[in-house]
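Each chain, written out:
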Amino acid sequence: MRGAGCTINDMWDRRIDAAVSRTKTRPLAAKELRLRQATAWLGLQLSLSFLILLQLPAPCLFLGLTSLGLVVVYPLAKRVTNWPQAVLGLTFNTGILIGYTAAVGGELGYIAAPSFTPAILTMYGGAIAWTLLYDTIYAHQDREEDTHLGLGSTARQLGDKTTQWLAAFGTTMISSLIVSGLLSELCWPYYAGLTIASAHLLWQISTLDIQNRENCARRFKSNRHIGWIICAGIVGSHFVTNS
């Protein structure tokens, strides 16, 4: 589904991407692929996603189809708001909700609507804050060209106050994940992971240069390490608890 989201985004933005130096070499923008080829590829991605959803408890199907609406709407957000990163956060992180529902779906019944614990909702909120953080950094690579094209982004909205806002996003993220861990009764490896993740976020924010595209790109890409660190903390916590 995430891959389908990237395809939809490139389809919507092919003309915009052609006008931005960083994205003008993307296959659709560079006219290396035709729109009908992208449509066929999208159909394959969505078909595979649907087949996966059919293997999961029925409430996951509802969530998956709902998230598809967000996937379609996200590329349009930059045309109407300076906060498309918030829409991206709602979209990308539905995997948390679907994963939880898949884990407990058998208890919900075939026609039951999805329901979420406070622990899962706080984790979802923390992940949205994380998305706001890393995608704001990402958006600073194209800030000047977005301004010229009339496209919205948090990079444009926050401008010189970006560092303070990133600190707020990071604080919200870590605080939410702490609360989620407490509600889930996770133990010390999880909080050790959050401590390391906090240090990583501090490094990103304190060394960020929003005027330097390469600097922004490196810090954006480094967020993959945070994902692995938090994942290791969750796994480590379950290992310690069950050993």
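As shown above, the structure is provided for reference.
Residues numbered from 1 in each chain as written. Predicted model: local features only at pLDDT ≥ 70, side-chain atom pairs only at ≥ 80, totals over all residues. Heavy atoms only, no water.

Colleague: Describe helix α7 (residues 118-139), and please don't skip the residues or the numbers.
Modeller: Since the α-helix advances by 3.6 residues per turn, residues separated by three or four positions end up pointing in the same direction. Between the first and last C-alpha of α7 there are 31 Å, a value that for 22 residues agrees with the 32 Å anticipated at 1.5 Å per step. Of all 22 residues in α7, 16 are buried, a share of seventy percent or more. (Helix = DSSP H or I, 4+ residues; strand = E, 2+ residues; numbered from the N terminus. Expected span 1.5 Å × (residues − 1). Buried < 20%, exposed > 50% of the residue type's maximum accessible area, 1.4 Å probe, protein only.)

Colleague: Just give me the short version of the nonpolar core, but keep the residues and values in it.
Modeller: Within the largest apolar cluster, 34 residues are counted, with the highest numbers of intra-cluster contacts made by L133, L166, M173, I226 and I230. By residue number, the principal contributor to this core is α7, which donates nine residues. Ignoring any residue separated from it by four or fewer positions in sequence, one finds I230 in contact with M173, L177, L194 and A197. Membership of the second largest hydrophobic core comes to seven residues, among which are I8, M11, L28 and V71. (Core = buried A, V, L, I, M, F, W, Y, C linked by side-chain atoms within 4.5 Å. Contact = heavy atoms within 4.5 Å.)

Colleague: So what about the packing of helix α11 (residues 188-207) against helix α13 (residues 223-242)? Which residues, and what values?
Modeller: Where α11 contacts α13, the two axes come as close as 7 Å, and the packing angle between them is 170°. Classified by the angle between their axes, α11 and α13 sit roughly antiparallel to one another. Handedness of the α11/α13 crossing: right-handed. Contact with α11, carried on its side by W188, P189, Y190, G193, L194, I196, A197, H200, L201 and Q204, involves N223, H225, I226, I229, I230, G233, I234, G236, S237 and V240 of α13 and no other residues of that element. The residue inventory of the contact of α11 with α13, partitioned by class, reads 12 nonpolar, eight polar and no charged. (Axes fitted to C-alpha atoms, helices over the stretch in contact; angles between N-to-C directions. Parallel < 35°, antiparallel > 145°, perpendicular 65-115°, else oblique. Left-handed = near helix turned anticlockwise from the far one by under 90°. Nonpolar A, V, L, I, M, F, W, Y, C, P; charged D, E, K, R; others polar.)

Colleague: With reference to specific residues and values, describe the layout of surface pockets.
Modeller: Reported here for the second largest pocket is a volume of approximately 150 Å³. Around the second largest pocket, the lining residues are A119, I120, M123, S180, G181, L183, S184, L186, Y190, I234 and H238. Of the residues that constitute the lining of the second largest pocket, the class distribution is seven nonpolar, four polar and no charged. (1 Å grid on protein atoms, 1.4 Å probe; cavity = no way out; pocket = protein on both sides within 12 Å on 5 of 7 lines; lining within 4 Å. Points joined across faces, edges and corners; volume = space filled by probe spheres on them.)

Colleague: Before we move on, could you go through unusual backbone geometry and cite the residues and values that matter?
Modeller: With a phi close to 60°, K31 is a non-glycine residue in the positive phi region. Position of K31 relative to the elements: it lies in the loop between α2 (14-18) and α3 (35-54). The exposure class assigned to K31 is exposed, which follows from its relative accessible area of 74%. At E185, a position not held by glycine, the phi torsion is positive, near 60°. Within the secondary structure, E185 sits in the loop between α10 (162-183) and α11.

Colleague: Now, about the pattern of salt bridges: what can you tell me, with residues and values included?
Modeller: Within the structure shown, the criterion is met by six salt bridges. As a salt-bridge pair, R79 and D13 come within 3.0 Å of each other at their nearest N and O atoms. In this pair, R79 sits in the loop between α4 (58-77) and α5 (84-92) while D13 sits in the loop between α1 (2-12) and α2, placing the two residues 66 residues apart along the sequence. Residue R79 is classed as partly exposed on the basis of its relative accessible area, which comes to 35%. Two residues, R22 and D142, come together in a salt bridge whose shortest N-O distance is 2.4 Å. On the criterion of sequence distance, the pair formed by R22 in the loop between α2 and α3 and D142 in the loop between α7 and α8 (143-149) is long-range, its members being 120 residues apart. On the accessibility criterion, R22 (27% relative accessible area) is partly exposed. Salt bridges sharing partners connect three or more residues here, namely D10, D17 and R26. (Salt bridge = Lys/Arg side-chain N within 4 Å of Asp/Glu carboxyl O.)

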